[in-house]
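Chain by chain, the residues:
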Amino acid sequence: MDLVNQIRQATQELIYSKFQLRVDARDILVNETKPEFEGDYTVVLFSFVKILKKNPETLGNELGQLLTERYSHLFSGFNVIKGFLNLGIADKVLVDFLYEESGNKDFGRKNKTGKKVMVEYSSPNTNKPLHLGHLRNNFLGWSVASIYQANGYEIVKTCIANDRGIHICKSMIAWQMFANGATPESTGIKGDHFVGDYYVMFSNEYKKQMKDLVAEGMTEEEAEKEAPIMKAAQKMLVDWEAGDPTVIELWKKMNGWVYQGFDITYKRIGSDFDKIYYESQTYLLGKDLVEDGLRKNVFFKKEDGSVWIDLTSDGLDQKIVQRKDGTAVYITQDIGLIVNKYDEFHCDQSIYVVGDEQNYHFKVLKLIAQKLALPSSDGIYHLSYGMVELPSGRMKAREGTVVDADDLIDEMVRIAQTHTEELGKVQDFTASELTELYDTIGLGALKFYLLRVDPKKKMLFNPEESIDFHGFTGPFVQYTYARIKSILRKEELDANIQLSGKGLLPLEKGVIKLLARYPAMIEQACLEMNPSVIANYAFSLAKSFNSFYTEHSVSRAESEEKKLLRLHLCTLTARVLHSAMGILGIKVPDRM
RNA sequence: GGCCUCGUAGUACAAUGGAUAGUACGCAAGUCUCCGGAACUUGAUAUCCCAGUUCGAUUCUGGGCGAGGCUACCA
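Residues numbered from 1 in each chain as written. Chains lettered and ligands numbered in written order. Predicted model: local features only at pLDDT ≥ 70, side-chain atom pairs only at ≥ 80, totals over all residues.

Undergrad: Kindly report on the overall build of chain A, identifying the contributing residues and their values.
TA: Looking only at helices and strands, chain A features 23 helices and 15 strands. Its C-alpha atoms put chain A at 90 × 65 × 45 Å along the principal axes. Taken over 592 residues, chain A has a buried fraction of 40%. Contacts in chain A between residues far apart in sequence, at least 24 positions, make up 73% of those at least 6 positions apart. (Helix = DSSP H or I, 4+ residues; strand = E, 2+ residues; numbered from the N terminus. Buried ≥ 20, exposed ≤ 12 C-beta atoms within 10 Å, placed from the backbone. Contact = placed C-beta atoms within 7 Å.)

Listed below in structure tokens is the structure:
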């Protein structure tokens, strides 16, 4: 059990035995003592002061006295300031913890819960390459999945490819018009970029045609509808739905190019999926559920034949679930997919990693699922994340301010390379080792930058800041790890020496206390579905270690016992940094 | 218009209702006979405004002001 909980429990027991007051251990507030006060952990007494009708100082002294007497193995001393009871932790407790866990490969990870969680993330459109926003999504989704895994859940990672619709038809039309049979192979362009280029060509041609029509006297609105290229795209969508062989063949070909491109990017950033759903195969799902909903009176039919759900009593509006012509709308397939996913995987919980512009959609989706009493509908959770903005504002495709994922990754890796070469510490690496290292550092910087912020909040992507390798960054943590590994390469643990567990120095103590918090951090990250908890923690730990390391020598420690203690400290710190960064999807190099 | 987020140093981010609001970048000044200086130490600078609840509010409530998102028989 971690220290905070031990303190809670001890306090709870004492309050009961001394004052016959029953309090829930979870209601006892235990903080880390602020550095300006003496002590390690602080029990905040105000909430009991009122109930017990005692003055805070007296209560604090009574409790402190009893705690240090009855739990003398745990506490080394106490002081009371106002309503705060500051407790010192006995060095031996911390040393024992360190000694015990430094050999534990799974330190921080929880036992199996027997529960299964699905995480759906990434979910790209297949008409253009991935951009910066997708990266936040991918990193978040992957990391949240591994957070759940660390907390003992079985995980299923899924993705839905939006492979049909007007967007891909636009690329297809433009390809027919302008490509002269060009392919990614013939041009040497990565498949997703290749198809994306035709999407841009469509937009340009569309704009040109509209301009011409307006010049001929049409209004903007008319021109939008009448432009031949748009009509062609819409016709192609109809032909696609009708199963026109030529259209289907072209569609398969172009999607294939896109997937080839995506595969390269996914592999590079480490995104993987247990199951990929394709919208072309799911878009007709859910129709039977509409019937079901009508029978259950969850849905109702309007005079024109369209089917709706009334969510006004839930504070929302009426929402259409089937058009008057009987065709499904977008949300219908999502409802159908819920059932499909459950039938296949039987997950207790289903997390959708989707941007916050779809908050409304997911509110509606969950409500509908619950009203239809679909399996595990209470487990539906929309992990809503904020948009990534640039210093110039929001990314806008039409203004060409979209930051391309592949370009960005290349740039980060290139800078990692330049910087590494300048420092010249790994000149003995082979070419392939260097390539791997640059990837590790460049991607580490990028992932850390995007994951260090609370997912719920929109964030700013500042290109200059993102490539900084100092301060609150991935490379800073990686560097700390590499330094520790360097020490451990040179020193062996001598198991014959016993640790007495006395005389911990403040900087040693600081690191050990942080290490002891790791399990609680893993829990918190899971409860909040928030990788930034882990990123912040990893950075604090690295910083704390660096402070210790500049002050105290490991190899030339004051005594053999100190040396052993510090080697354990190095070992566990390295282990935790490795594990924490791993949860973020970031590798740590032995040398850099 | 309605609904939902969000306003913390120059900038970007932290802070389960708890002590003198943390961290990084930037800025200023330092540290080295250093096991890896991509490091460490020190300093200046902030809770949008007004009320309320509370022993205590960045956090909760109400009202302003400001920013963003959603509000398709599109996906």
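Continuing now.
Undergrad: Please set out helix α1 (residues 3-19) residue by residue, giving values where relevant.
TA: The terminal C-alpha atoms of α1, which comprises 17 residues, lie 24 Å apart, in line with the 24 Å expected from a rise of 1.5 Å per residue. Inspection of α1 places L3, I7, R8, A10, T11 and I15 among the buried residues, and these make up the whole buried set. In an axial view of α1, the angular spread of the buried residues amounts to 170°, which keeps them on one side of the axis. Pointing more than 90 degrees away from the buried face of α1 are the exposed residues Y16 and S17. Buried residues in α1 make contact with β1 (30-32), β2 (41-44), α2 (46-52), α3 (56-70), β4 (84-89) and α20 (506-516). Q20 occupies a position one or two residues after α1 and carries a positive phi of about 55°. (Expected span 1.5 Å × (residues − 1). Arc of directions from axis to C-beta.)

Undergrad: Explain the pairing of strand β12 (residues 380-385) to me, and be specific about the residues and the numbers.
TA: The pairing of strand β11 (residues 349-355) with β12 spans six bridges and is parallel. Pairing of V354 across the sheet is with S384, part of β12. Handedness of the β-α-β unit built from β11, helix α15 (residues 359-371) and β12 comes out right-handed. (Pairing = 2+ DSSP bridges. Right-handed = clockwise from strand over helix to strand, strands pointing away.)

Undergrad: Just give me the short version of unusual backbone geometry, but keep the residues and values in it.
TA: As a rule of thumb, non-glycine residues mostly have phi less than zero, and peptide bonds are mostly trans rather than cis. Of note in the backbone geometry, S122 takes a positive phi value of approximately 75° without being a glycine. Tracing the chain through its elements places S122 in the loop between β5 (116-120) and α5 (132-150). A positive phi is found at H346, a non-glycine position, where the angle reads about 50°. By secondary structure assignment, the location of H346 is in the loop between α14 (330-345) and β11. Take H346: there are 12 C-beta atoms within 10 Å of it, and that puts it in the exposed class.

Undergrad: Describe the protein's contact with RNA strand B, and please don't skip the residues or the numbers.
TA: Inspection of the region around RNA strand B gives 69 residues, with T42, F46, D454, G471 and S486 positioned closest. Counting residues per element, the surface near RNA strand B draws most heavily on helix α19 (residues 474-490), which supplies eight residues. Of the residues in the surface near RNA strand B, the class split is 26 nonpolar, 24 polar and 19 charged. (Near = placed C-beta within 6 Å. Nonpolar A, V, L, I, M, F, W, Y, C, P; charged D, E, K, R; others polar.)

Undergrad: Lay out the nonpolar core with the relevant residues and their values.
TA: Among the nonpolar cores identified, the biggest contains 129 residues, and V144, I534, A538 and L577 are the most heavily contacted of them. Apart from the residues lying within four places of it in its own chain, the contact partners of V144 are V119, I351, V353, L383, M529 and P531. Y198, Y206, W251 and W257 belong to the second-largest nonpolar core, a separate cluster that totals 26 residues. (Core = buried A, V, L, I, M, F, W, Y, C linked by C-beta atoms within 7 Å.)

Undergrad: Outline the domain arrangement of chain A, supporting the account with residue identities and numerical values.
TA: You'll often see interface size given as the accessible area lost when the parts meet. Looking at the assigned domains, one finds that chain A contains domain 1 (3-89), domain 2 (165-279) and domain 3 (405-583). Each of domain 2 and domain 3 has a C-alpha centre, and these two points are 44 Å apart. Listed as interface residues are four residues of domain 2 and, on the opposing side, four residues of domain 3. When grouped by side-chain class, the residues that make up the side of domain 2 that touches domain 3 number one nonpolar, one polar and two charged. (Domains from an automatic or database assignment.)

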